[in-house]
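Remarks on the overall topology
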Amino acid sequence: MGMAIALSISSLLGYSYTPMHSALPLLCLGIGIDDMFVIVQCLSNVKKDPQFSGSRMSDKIAHALKHAGVSVTVTSLTDVFAFAVGAVTNMPGLESFCVCTAIGLGSIYLLQVSWFVAWMSLDEARVAEGRDGLIPCIVHKTSQGSDNKENSIVIKVYAKLLSSIAFKVITVIITIVFLVFGIWGWTEMRQEFDPILLMPSDSYLREWIRVYDADYPDNGWDAEVYSGDLTYLDLPNIDKLVTELEQLKDDKMYLRDVDSWWTKMKEYSDAKTNFSSWQQFANEKDFPLILSDFLFSSYGSQYKPNFKFEEDLICNTPAPRIKASKFKLGYVKLQGPEEHIPARSTVTAIIKSADSPYTFSHSKVYAAWETDQIIGYELW
């Protein structure tokens, strides 16, 4: 019931269902259901108290709730607020999960102090009348009491241990040892979100990635830089962008490859045309024609799929207006967020500073890198 309420209210508020929600039943069961054990234990203590031996069952339940109410309310509120904090995260999936869990825990608390207590009172009336738990119409004449012995050997030994000074000293020493190991482990914590670890360990893709990393240890992820409309007026900024990216590659810090059509087109111009520099064909007449010739040549034919033209590209005719284009980048092998976050930030800063039609880069791994960045910011 608590899960149904949580999913209904969160969906009504606009939060979507994510794969993380599959852990919601176990989470609510482990965190939220413990309140009813506290209520039942308090009722058991009240029933054993001679002060309430002549009281009605409703008075006993009321007194049990008086004692259990503070503890179950405080623990439930802390659980709800702990998950409600996740509503301010920048990750929509985590936000949806935290909000749904907070609503579920709050709903379970309300159901336990109302719905569960109501059924518990009916069950206590059944026990008082001696009715069978499975078939209530059967009334038992006598009931068997519990034969638990509080003075068992285990309890006697445990009581002696608690009063022993040696046991207390050992307990303090063990606590300090665990504290030291806990502090050491906390300092060694490394935050990293690796989507590969979410794959089954025996999957074909996981095995392929393992073999690829072993055979090509220096190859990192590939990315692509995208542009919108592009004209001859943008060539100076494109040259600035590609030059700075190639300088970053030469530094061998973040990039291992920059596969840009612009670099090859300048080589084609130097080898196959009469232009001594790219500035000479950076005009409305020459640029479309040399671009068309370049894309149909051995220098640039591999870059033809990277362009989207307004019309079909025809050999020996000026290229139509460019609607979009892209070129590839290759990152070096980056180890963890302490390397890939500054690597992507550096590439993004270069793209932004160039002020060219190429406005952003994209890679499949960027989602994981951005998750690392968000988690690192919100965690520390």
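Residues numbered from 1 in each chain as written. Predicted model: local features only at pLDDT ≥ 70, side-chain atom pairs only at ≥ 80, totals over all residues. Heavy atoms only, no water.

**Things to note about the overall build of the protein**
Of the regular secondary structure elements, the protein holds 13 helices and five strands. Since a compact globule built from 380 residues should have a radius of gyration of about 21 Å, the 35 Å found for the protein marks it as more spread out than a globular shape. For the protein, the C-alpha atoms occupy an extent of roughly 110 × 55 × 35 Å along the three principal directions. Within the protein, the proportion of its 380 residues that are buried is 32%. Across the protein, contacts joining residues at least 24 apart in sequence account for 67% of those joining residues at least 6 apart. Here the protein has roughly 24200 Å² of accessible surface; of this, 62% comes from carbon and sulfur atoms. A distance of 9 Å separates the average location of the 33 positive side-chain charges in the protein from that of its 45 negative side-chain charges. (Helix = DSSP H or I, 4+ residues; strand = E, 2+ residues; numbered from the N terminus. Rg over C-alpha atoms; globule rule 2.2 N^0.38 Å. Buried < 20%, exposed > 50% of the residue type's maximum accessible area, 1.4 Å probe, protein only. Contact = heavy atoms within 4.5 Å. Areas by Shrake-Rupley, 256 points an atom, 1.4 Å probe, with all protein chains shown as cover. Lys, Arg positive; Asp, Glu negative; His and termini not counted. Charge placed at Lys NZ, Arg CZ, Asp CG, Glu CD.)

**Overview of the layout of surface pockets**
The computed volume of the largest pocket comes to approximately 840 Å³. Elements with a contribution of two residues or more to the lining of the largest pocket: helix 8 (204-215), strand 1 (219-227), strand 4 (322-332) and helix 13 (366-379). Grouping the amino acids of the lining of the largest pocket by side-chain chemistry returns 17 nonpolar, seven polar and 10 charged. Of the pockets and cavities examined, the second largest pocket occupies roughly 260 Å³. (1 Å grid on protein atoms, 1.4 Å probe; cavity = no way out; pocket = protein on both sides within 12 Å on 5 of 7 lines; lining within 4 Å. Points joined across faces, edges and corners; volume = space filled by probe spheres on them. Nonpolar A, V, L, I, M, F, W, Y, C, P; charged D, E, K, R; others polar.)

**Considerations on the confidence of the model for the protein**
Put simply, the protein has an average pLDDT of 87, and 97% of its residues get 70 or more. Here helix 6 (residues 153-162) is the element of the protein with the lowest mean pLDDT, 80, and strand 3 (residues 307-309) is the one with the highest, 95. (pLDDT = per-residue confidence, 0-100.)

**Examining the nonpolar core**
By size, the foremost hydrophobic cluster in this structure holds 44 residues, and its most contacted members are Trp261 and Leu291. Here this core gets six residues from one element, more than from any other, and that element is helix 9 (residues 235-250). If we skip the residues at most four places from it in the chain, tryptophan 261 touches Leu230, Ile238, Leu291, Phe294, Tyr303, Phe307, Lys326, Phe327 and Tyr358. Ranked by size, the runner-up nonpolar core spans 12 residues in total, among them Ile39, Ala68, Tyr109 and Val117. (Core = buried A, V, L, I, M, F, W, Y, C linked by side-chain atoms within 4.5 Å.)

**Some details on empty space enclosed by the protein**
The final tally for this structure, using the stated rule, is one cavity of 30 Å³ or more. Considering only enclosed or pocket space, the largest cavity measures out at about 40 Å³ in volume. Ile31, Gly32, Asp34, Asp35, Thr75, Ser76, Asp79, Leu105, Ile108, Tyr109 and Gln112 together form the lining of the largest cavity. Of all the secondary structure elements, the ones that give two or more residues to the lining of the largest cavity are helix 2 (24-32), helix 3 (34-48), helix 4 (57-84) and helix 5 (92-128). For the lining of the largest cavity, the element with the highest residue contribution is helix 5, accounting for four residues. Within the lining of the largest cavity, the residues separate by chemical class into four nonpolar, four polar and three charged.

**With respect to the packing of helix 3 against helix 5**
One way to put it is that helix 3 packs onto helix 5 with a least axis distance of 10 Å and a crossing angle of 40°. Relative to helix 5, the element helix 3 is oriented oblique. The crossing of helix 3 and helix 5 is right-handed. Contact residues: helix 3 offers Asp35, Met36, Ile39, Val40, Leu43 and Lys47, while helix 5 offers Tyr109, Gln112, Phe116, Val117, Met120 and Glu124. For the contact of helix 3 with helix 5, the per-class residue count stands at eight nonpolar, one polar and three charged. (Axes fitted to C-alpha atoms, helices over the stretch in contact; angles between N-to-C directions. Parallel < 35°, antiparallel > 145°, perpendicular 65-115°, else oblique. Left-handed = near helix turned anticlockwise from the far one by under 90°.)

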